[in-house]
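What follows is each chain in one-letter form.
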Protein chains: 2
Amino acid sequence: MSEELKVVGTNVPRLDALDKVTGAAKFVDDIQFGPGLLHAKLKRSPYPHARIVCIDTRKAESLPGVKVVVTGRDYPEHFVGLYLLDRTVYAVDRPRFVGDPVAAVAAVSEEIAEQAVELIEVEYEELPGLFDPEEALKPDAPLIHPDLGKYECAPFILPEPGTNISNHFKLRKGDVEAGFAQADVIVEGTYRVPHVQHVALETHVVTAQQDASGKITLWSSSQSPFAQRALIAKAFGLPLDQLRVITPYVGGGFGSKAGVSMEACVIPLAMKARGRPVKLRLTRQEEFYTSFVRQGLVAHIKMGLTKEGKILAQENKFYWDAGGYTEYGVNIVRAAGYSSSGPYEIPNLKTDSCAVYTNHPVGGPMRGFGMPEMHFCLEQHIDVVARRIGMDPVEFRLKNAIREGALIPTGSPMHPTGFSDCIRKAARAVGWGKKRPPSAPHKRRGLGFAGMWKAPAMPPNPGSSATVKLNEDGTVSVSIGAVDLGQGALTVAAQMAAETLGVPMDTIRVNLVDTDYSPYEWQTVASRITWSTGNAVVQAAGVVRGRILDLVAEVWNESPEDLTIIDGKVISFKSEQEIELKDFAVTGLQMPDGSWRGGPILGEGSFMPTYVSGLDAETGQGERAVVHWTTGAQAVEVEVNTETGEVEVLKVSAAYDVGKAINPDLVLTQIEGGAVQGMSTALFEELKLEKGQPTNASLTDYKIATAVDAPAEIKGHIVEVPQDDGPWGARGVGEHTMVPTAPAIANAVYDALGVRITSLPLTAEKIYLALQEKT
Amino acid sequence: MSEELKVVGTNVPRLDALDKVTGAAKFVDDIQFGPGLLHAKLKRSPYPHARIVCIDTRKAESLPGVKVVVTGRDYPEHFVGLYLLDRTVYAVDRPRFVGDPVAAVAAVSEEIAEQAVELIEVEYEELPGLFDPEEALKPDAPLIHPDLGKYECAPFILPEPGTNISNHFKLRKGDVEAGFAQADVIVEGTYRVPHVQHVALETHVVTAQQDASGKITLWSSSQSPFAQRALIAKAFGLPLDQLRVITPYVGGGFGSKAGVSMEACVIPLAMKARGRPVKLRLTRQEEFYTSFVRQGLVAHIKMGLTKEGKILAQENKFYWDAGGYTEYGVNIVRAAGYSSSGPYEIPNLKTDSCAVYTNHPVGGPMRGFGMPEMHFCLEQHIDVVARRIGMDPVEFRLKNAIREGALIPTGSPMHPTGFSDCIRKAARAVGWGKKRPPSAPHKRRGLGFAGMWKAPAMPPNPGSSATVKLNEDGTVSVSIGAVDLGQGALTVAAQMAAETLGVPMDTIRVNLVDTDYSPYEWQTVASRITWSTGNAVVQAAGVVRGRILDLVAEVWNESPEDLTIIDGKVISFKSEQEIELKDFAVTGLQMPDGSWRGGPILGEGSFMPTYVSGLDAETGQGERAVVHWTTGAQAVEVEVNTETGEVEVLKVSAAYDVGKAINPDLVLTQIEGGAVQGMSTALFEELKLEKGQPTNASLTDYKIATAVDAPAEIKGHIVEVPQDDGPWGARGVGEHTMVPTAPAIANAVYDALGVRITSLPLTAEKIYLALQEKT
């Protein structure tokens, strides 16, 4: 690899930009299927918890234009899931949340399918519902999953059959009681985070078609084409080569399109459609009812510290409102558990992080995988305890900040990290300590701060792979299994391949995902693509580079070490000969004796992170069990209208240690997007649920931040302390950028007003009432 | 690799069988494009040779529903070709055969497109035409390509500007005059082969769509997706990553779908269709007018031999009726030249093989690439000379048969070959020497014999590549760039991967071709896939096998040499441990210390044949210039009705030295298919051209053999003398099987009647007239 970087570290334009601004980019709904296409609609439970007495589909079946009707009763043992298989494709006899699909129709038009769904008659017997995780933990609470003990689950998920706990992650580091005993101050607090939804611009769309040989092709707007292939194939007993998932461009995901949420519902319809393709396209309202939500959280935090501001002990109880099925959520609970110190060195730590069944919508992953929820609680509590001992919250964070060699919650030493530098940079840029005057007498300004950390998907998870091939004209085709859902994965992969190969960016094209052809990728989640897929791309490109240099060296009778590739030309430092890739990329080269060497040049790479052991079930301890951490910090300046309670975010300054910014502009746009989405969840977002019933399931009633609401100034800072196993030292940063925003804003509101809002969102109403209460 | 073969060499069913018998197999015309699809029609020249005075497209353009009209004048410098770029996408100002496209229309329906084509007004000035290659060689013949000297061409193609010769291949081995001087007998003969067409079941269909970023996707029924990408991209100045060729199943090709014949015509339409897909689907009649034909041939052969039957010298003049453009045909002429001894050791050989422009349809490759035409002449001549000296034709062939170490026409020694064994096996199986009595008094029986040889595509041609990846469940995805056009390429690739990996056949799936994703392949031509692509598949699977064994060996703390893979399980001979591929294919494996090894397993392979030099332009001599030869022989028994001249082929026995039959049933079905197609060209097929005008351009008038006409008995024999550079020693055999049929039938007719028909086809009329003349 070149010593001096030419492409990596530069702001090359996104590969998908032209496709997207011109409308050339194809999304699933753009794919044409001709007149044979059938349209699917789901019949969903109107009750949060009920028993199905009977389903009568006869009227629906006899509606002209209806081709297939299926119910959950036809698929009683078809469990779909990644970690804990607690959910069947359709609810079989017991829907567990409002919107739980119980049947479906495929018809020649969406209108007919909708009519047919209305004609399906379902007789329900309502069951008592649970709508609060702490209520669900009471001994007399009804069991939402009496069969919990029978479900298949990953070995590191620890359900507690006979309760509503689908996973109980325990972390025991040091001696928390001893820690509290030594503490000068002990502070307890409780914080609450409601359900929110991802609200990706593109709703879920999936089309399935079965050919006469039985093979099913699924065109799916997905972050996880390979995981969908695996989970759906398993549910329906198909070998993996009988299912093909094609994922073109994806219009945002934020986790909602990870794993399988509703995609499996279309499979039974396709299997009965006699070869016709069946499309299931969710409306925005259906999206609110049918796809994943971000889980709710109730967090009790107890912290013991010295009066000098050293944290000695922390005890956490996290109760996650995981919804009617928690299969993906169980792992979020675990991630929050093993990250539960936040980016601080805490010698004694005890955490119980529990996924609790309720009759709420299904909790799935959402940008940050539990970190935004947990950090909202933790970073406010840090603020509370710092202020309690009269210490500046930034100084307090610096004092306790995790440093290289300090033991992380799971017991192994921290790798080199720029977290302290992030704290300093973010604080400096916001003008920490120098509060500016408000713009009007009835307004108050405040500064707030929060840190964060997050690890990428924790092993054991399969890794990434990539292939790189040269075309005859020296252009390069890169194939990866990762999805570009707006984050720039294609661009970063191309930059890495270009840098490794020594070719211009505009000669590289990266293929979208087709599981038949594309190399394996676990999922496009956890901010792992730049790091994990990146490693595979660098490896594959390195193989190609090696083959190129070996070939040319043989023909020129030189040593490969004396050659390099610059701008698509192989150049010898020694003989000063040069040759363009296109002159031999596929055809090979002629030796002086007239014989030929070479042939089509291609290479492949495969990456799985190095880690040593799993976590002990009782203590959560393990040797290098977490691969690495991206850390960062945000400072915000807010102005609050004391007459209305409205909060305006004036400035966000953020700094992240990304190890190495492969494309600094892409990092900075992640920081901007994260700040806006973080602000949105801080101030506006909540999926309101009354006895399990969503009451704001539309973009009229569910408020998200738009460009108009965005902070006037967002200032991003890139810190680069290289990661030993990252390409050029890179770590992921996609999710991280939204994690500290909400607690930083809450802390700033406290700074402005002296009132603390411990639950999200920080609505004007809550602030106004709190101010009223205070005065 | 296992010592004992489990899959290679066995008759596994074809991978595509189920798809094809159920109708699941998708061909280009089956792909749905939705209501935006436009339909293209070509405006074709009604004259064999003309100057375009003017083209008026105004009426066509104003027809409602017409979206695009283009003419050749818009694309004057867009030459498309593989070897000699003598043809533009459309004829610009001078169409050179009846059917030469001069303009085209894209409209919302095929009917409107047809009407619009009629409305294009072209004023032609007819030019004198040439309809016989020997006429075209006369000094006063008009020049069909006055610009011949300006065309780009491959270095090994030798056009003669100022004449109608687009390639003149010269072979000079030994001293042919000295050979004739020593000969006891010298025999001369002239033979003629007419134009025939491939008549693949699926006509040419191609759909092109340009997206807003400029990238064009071409769905093409092609044998050469990568060559189409290269040639079309070159013609339109596109980088290769701006053109994507997708080739699903192909309904036969026989060479007509190699390279580019009419596919480029759709590109200008797609470029002006504002993103709408444009489909060009040839009717059967259009197929006759527009796509390649097999070139006509006039061969003058002079042979000198001893009275004991040793051939001493041979002189050939081959004049190929190459048509209005000969770009692909020039290489056929060359292949015929360097193969012109046939499979015999001929010490003194002189051949001039010339591609000659005429105003006939364009000659392209067809099954055998010149070999069926040349062998029709050569193997009849062998029969003639053997009978002249009173020697049994089979004995004569055995005496002169090429053997290991004998010098081939290009001067290097022959590799080990089973040709003599093929002769013996074919002769024995037909009952050579024991003519059976006819079934009626007015019928006569005869036995005929012919040998053959053919080399695969001769370097310098790029090679093949392949990738193999393991799926999580241990199933295997193989990607190749070769097309399955009915020959069984997918099945053979799967067998090789299964054998190398030690997995069951039903766990392997082979992807169809998509140039964005699939590894590079030159073309699916020349019977080179089993050999060339096969080598790449074996290499790729070998990489995967190596990674599997290394991984398991490390985890088990054993040596990879002590492990093997049987039936999808890794097994240790030493410790007798075993583990299924699915247990680690993607997830890796845990070491005893709890750490993990592995990750997604994939591998790639690349193959280019070893050869040493090109051929000298004046002598056609070169060191290992031809990679290898597949040899074979056929014997036939015919019964001829002396009252009508009708020939019935009673029995065909055929033997080919395939090196190693990867799938014997596939070899035998090639032998059957080749015998039937060979018989069809022997007895029925001729594209009749009157002054360049096809007069039988329909399946009503153009007779091909059907199942009803097939020989009552076809007996195939496989000879296996391994090829050093073939996978398990395999050579290709797809084309070869039709090569000797026509001369064997002609020789059998002579044997039956004592009359020799020196031109194809051997129609009842010709035979009847010859019999009349004889008596």
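Everything discussed here concerns the structure shown above.
Residues numbered from 1 in each chain as written. Chains lettered and ligands numbered in written order. Predicted model: local features only at pLDDT ≥ 70, side-chain atom pairs only at ≥ 80, totals over all residues. Heavy atoms only, no water.

What about the overall build of chain A?
Which entries qualify depends on this criterion: Numbering of helices and strands starts at the N terminus; helices are DSSP runs of H or I of at least 4 residues and strands are runs of E of at least 2. For the radius of gyration, the atoms used are the C-alpha atoms, and the globule rule reads 2.2 Å times the number of residues raised to 0.38. Only protein chains enter the calculation, and the probe is 1.4 Å; a residue is then buried if its accessible area is under 20% of its type maximum, exposed if over 50%, and partly exposed in between. Contact criterion: two residues are considered in contact whenever any of their non-hydrogen atoms come within 4.5 Å of each other.
When its secondary structure is counted, chain A shows 17 helices and 32 strands. Its C-alpha radius of gyration of 27 Å places chain A within 12% of the 28 Å reference for a compact globule of 775 residues. For chain A, with 775 residues in total, the buried portion stands at 67%. Partitioning the intrachain contacts of chain A with sequence separation of at least 6 by distance along the chain shows that 78% fall at a separation of at least 24.

A look at helix α15 (residues 664-683) of chain A
Let me state the cut-off plainly: Under the convention used throughout, the expected extent of a helix is 1.5 Å for every residue step, that is, one less than its residue count.
Look at α15(A): 28 Å from first C-alpha to last across 20 residues, which is about the 28 Å you get at 1.5 Å a residue. Judged by how many residues are buried, α15(A) sits mostly within the fold: 15 of 20 residues are covered.

Brief notes about the side chain of A:Asn696
All names here are of chain A. Note the following rule: Whenever two N or O atoms come within 3.5 Å, that pair is a polar contact, provided that in protein one can donate a hydrogen and the other can accept it, and provided that, for residues adjacent in sequence, both atoms are side-chain atoms.
Assignment of secondary structure puts Asn 696 in the loop between β31 (693-694) and β32 (713-719). Among the polar contacts made by the side chain of Asn 696, one reaches the main-chain carbonyl oxygen of Glu 686 at a distance of 2.8 Å. A polar contact of 2.9 Å, which involves the side chain of Asn 696, links it to the backbone nitrogen of Lys 688. Setting aside residues up to four positions removed in sequence, Asn 696 forms contacts with Glu 686, Leu 687, Lys 688, Asp 701 and Tyr 702.

Side note on the relation of the copies chain A and chain B
Quick note on the threshold: Superposition of the copies was done by least squares, using only C-alpha atoms of residues whose pLDDT is at least 70 in both.
Placing chain A over chain B gives an RMSD of 0.1 Å and needs a rotation angle of 180°, together with 0.0 Å of translation along the axis. What the superposition gives is, in effect, a two-fold axis relating one chain to the other. Ranked by how close their C-alpha atoms come to the rotation axis, the residues of chain A are headed by A:Gly34, at 2.2 Å. A high fraction, 100%, of the interface residues of chain A reappear at the interface in chain B, so the copies pair face to face through one surface.

What about the sheet that holds strand β6 (residues 165-173) of chain B?
Residues and elements named next belong to chain B. Just so we agree on the cut-off: DSSP calls a pair of strands paired once it identifies at least 2 bridges connecting them. Lines are fitted to the C-alpha atoms to define the axes, a helix being fitted only along its stretch in contact, and any angle between axes, read from their N-to-C directions, falls within 0 to 180 degrees.
What the five strands build is an open sheet, ordered β6-β15-β14-β13-β7; its pairing is mixed. Unpaired on one side and paired on the other, β6 and β7 (185-193) mark the two borders of the sheet. The mean angle between the axes of side-by-side strands here comes to 5°, regardless of whether they run parallel or antiparallel. Relative to strand β15 (residues 348-357), strand β14 (residues 311-323) runs parallel, the two sharing 10 bridges. The residue of β15 that forms the bridge with Trp 320 is Ala 355. Sheet contacts for helix α10 (residues 371-388): β7, β13 (296-305) and β14; angle to β7, the most-contacted strand, approximately 150°.

Overview of the sheet that holds strand β18 (residues 464-470) of chain B
Residues and elements named next belong to chain B. The mixed open sheet is built from four strands, whose spatial order is β20-β19-β18-β27. In this open sheet, the two edge strands, each paired with only one partner strand, are β20 (508-511) and β27 (602-607). Across the sheet, the mean angle separating the axes of adjacent strands is 20° when strand polarity is ignored. Here strand β19 (residues 476-480) pairs with β20 via four bridges, running parallel. By the bridge assignment, Ser 477 is partnered in β20 with Arg 509. Strand contacts of helix α13 (residues 489-501): β18, β19 and β20, with the helix running at about 135° to β20, the strand carrying the most contacts. Along the sheet face, helix α14 (residues 529-556) touches β18, β19 and β27 and points at about 150° away from the line of β27.

Notes on the pairing of strand β14 (residues 311-323) of chain A
All names here are of chain A. Rules: Orient the strands so they point away from the viewer; a crossover is then right-handed if the path from the first strand over the helix to the second runs clockwise.
The buried fraction of β14 amounts to 12 of the 13 residues, a majority that puts the element mostly inside the structure. In terms of strand pairing, strand β13 (residues 296-305) meets β14 through 10 bridges, oriented antiparallel. Its bridge partner lying in β14, Leu 297 is registered against Trp 320. Between β13 and β14, which pair antiparallel one after the other, the connecting turn spans five residues, and Gly 309 there sits at a positive phi close to 95°. Traced from β14 through helix α9 (residues 329-338) to strand β15 (residues 348-357), the parallel crossover comes out right-handed.

Some thoughts on the environment of A:Arg547
Structurally, A:Arg547 can be placed in helix α14 (residues 529-556). When neighbours within four sequence positions are excluded, A:Arg547 is seen to be in contact with A:Ile601, A:Leu602, A:Gly603 and B:Glu604.

A word on the packing of α15(A) against helix α16 (residues 741-753) of chain A
Residue and element names in this part refer to chain A. Inclusion rule: Throughout this description, any angle smaller than 35 degrees is read as roughly parallel, any larger than 145 degrees as roughly antiparallel, any in the 65 to 115 degree range as roughly perpendicular, and the remainder as oblique. Here is the rule for handedness: rotate from the far helix to the near one, and if that takes an anticlockwise turn smaller than a right angle the crossing is left-handed, while a clockwise turn gives right-handed.
Where α15 contacts α16, the axes come no closer than 8 Å and their chain directions differ by 55°. Classified by the angle their axes make, α15 and α16 are oblique. α15 and α16 meet at a crossing whose hand is right-handed. Within the contact between the two elements, α15 uses Gly 674, Ala 675, Gly 678, Met 679, Ala 682 and Leu 683 and α16 uses Thr 741, Ala 742 and Ile 745.

As for the state of the cysteines
We apply this condition: A pair of sulfur atoms, both from cysteines and within 2.5 Å, is called a disulfide here.
Under the defined criterion, the tally for this structure stands at zero disulfides over all chains. Of all cysteine sulfurs, the one in B:Cys354 lies closest to B:Cys153, which takes part in no disulfide; the gap is 15 Å.

Here's the deal with unusual backbone geometry
Each neighbour pair has its own omega, and for A:Leu760 with A:Pro761 the value is -10°, a cis peptide bond. Despite not being glycine, A:Glu576 has its phi angle at roughly 60°, a positive value. The residue A:Glu576 is located in the loop between β23 (569-572) and β24 (578-580) in this model. Despite not being glycine, B:Arg274 has its phi angle at roughly 50°, a positive value. With respect to the helices and strands, B:Arg274 occurs in the loop between α7 (266-271) and β11 (278-281).

Brief notes about α14(B)
Residue and element names in this part refer to chain B. Condition: Bend, in this description, refers to the angle at a residue between axes fitted to the seven residues ending there and the seven starting there.
For α14, which comprises 28 residues, the first-to-last C-alpha distance of 38 Å matches the rise-based estimate of 40 Å (1.5 Å per residue) to within 8%. Approximately 25° is the largest bend angle found in α14, and it occurs at Asn 535. Where burial is concerned, most of α14 is hidden: 20 out of the 28 residues are buried. One or two residues past the end of α14 sits Asn 557, with phi positive at roughly 55°.

Let's talk about the interface of chain A and chain B
Which entries qualify depends on this criterion: Buried area, as used here, totals the accessible surface that two parts lose on assembly, with accessibility defined by a 1.4 Å probe and the loss added over both. Any carboxyl oxygen of Asp or Glu within 4 Å of a side-chain nitrogen of Lys or Arg constitutes a salt bridge here.
Taken together, the contact between chain A and chain B spans 69 residues of the former and 69 residues of the latter. Carbon and sulfur atoms supply 54% of the area buried between chain A and chain B, which totals about 5,100 Å² over both sides. Among the residues of chain A in contact with chain B, A:Arg509, A:Tyr517 and A:Glu604 are the three that bury the most area, contributing 14% of the side total. Summed over the shared surface of chain A and chain B, the number is four salt bridges. Put simply, A:Glu604 and B:Arg547 hold a salt bridge, and the shortest N to O gap is 2.5 Å. Taken together, chain A and chain B are joined by 25 residue pairs in polar contact (both at pLDDT 80 or more). Broken down by secondary-structure element, the contributors of at least two residues to the side of chain A that touches chain B are α1 (17-22), α6 (225-236), β18 (464-470), β19 (476-480), β20 (508-511), β21 (513-514), β26 (596-597) and β27 (602-607) of chain A.

Regarding the pattern of salt bridges
Residues and elements named next belong to chain A. Tallied over the full model, the rule gives 92 salt bridges over all chains. The salt bridge involving Arg 244 is made with Asp 514; its shortest N-O contact spans 2.6 Å. A residue pair is termed long-range when its members are at least 10 positions apart, and Arg 244 in strand β10 (residues 243-247) and Asp 514 in strand β21 qualify at 270 residues. Judged by its relative accessible area of 5%, Asp 514 is buried. Connected through shared salt-bridge partners, Glu 379, Asp 383, Arg 387, Arg 397, Lys 435, Asp 751 and Arg 756 make up one network.

What to know about the environment of B:Val193
Residue and element names in this part refer to chain B. You can see Val 193 is positioned in strand β7. Given a relative accessible area of 5%, Val 193 falls into the buried group. C-alpha of Val 193 to C-alpha of Val 638: the two residues are 445 residues apart in sequence and 21 Å apart in space. Those residues in contact with Val 193 that lie beyond four places of it in its chain are Arg 294, Gly 296, Leu 297, Glu 373, Phe 376, Cys 377 and Leu 760.

Section: the packing of aromatic side chains
The criterion, for reference: Under the pairing criterion, centres of Phe, Tyr and Trp rings, with the six-membered ring standing for Trp, must be within 6.5 Å; the plane angle then separates stacked pairs below 30 degrees from edge-to-face pairs above 60, leaving the rest tilted.
Tallying each qualifying case throughout the model produces 39 aromatic pairs over all chains. With a centroid separation of 5.7 Å and 80° between ring planes, the pair formed by A:Tyr83 and A:Tyr328 is classed as edge-to-face. A residue pair is termed long-range when its members are at least 10 positions apart, and A:Tyr83 in the loop between β3 (66-71) and β4 (101-107) and A:Tyr328 in the loop between β14 and α9 qualify at 245 residues. An identical accessibility class is assigned to A:Tyr83 and A:Tyr328; each is buried. Ring centres of B:Trp432 and B:Phe449 lie 5.7 Å apart, and the angle between their planes is 75°; this geometry places the pair in the edge-to-face category. A residue pair is termed long-range when its members are at least 10 positions apart, and B:Trp432 in the loop between α12 (419-430) and β17 (443-454) and B:Phe449 in strand β17 qualify at 17 residues. Residue classification places B:Trp432 among the buried residues on the basis of a relative accessible area of 18%.

As for the packing of helix α10 (residues 371-388) of chain A against helix α11 (residues 393-400) of chain A
All names here are of chain A. Where α10 meets α11, the axes come as close as 9 Å, and the angle between the chain directions of the two elements is 105°. The orientation of α10 with respect to α11, classified from their angle, is roughly perpendicular. Of α11, the residues touching α10 (which contributes Glu 379, Ile 382, Asp 383, Val 385, Ala 386 and Arg 387) are Pro 393, Phe 396 and Arg 397.

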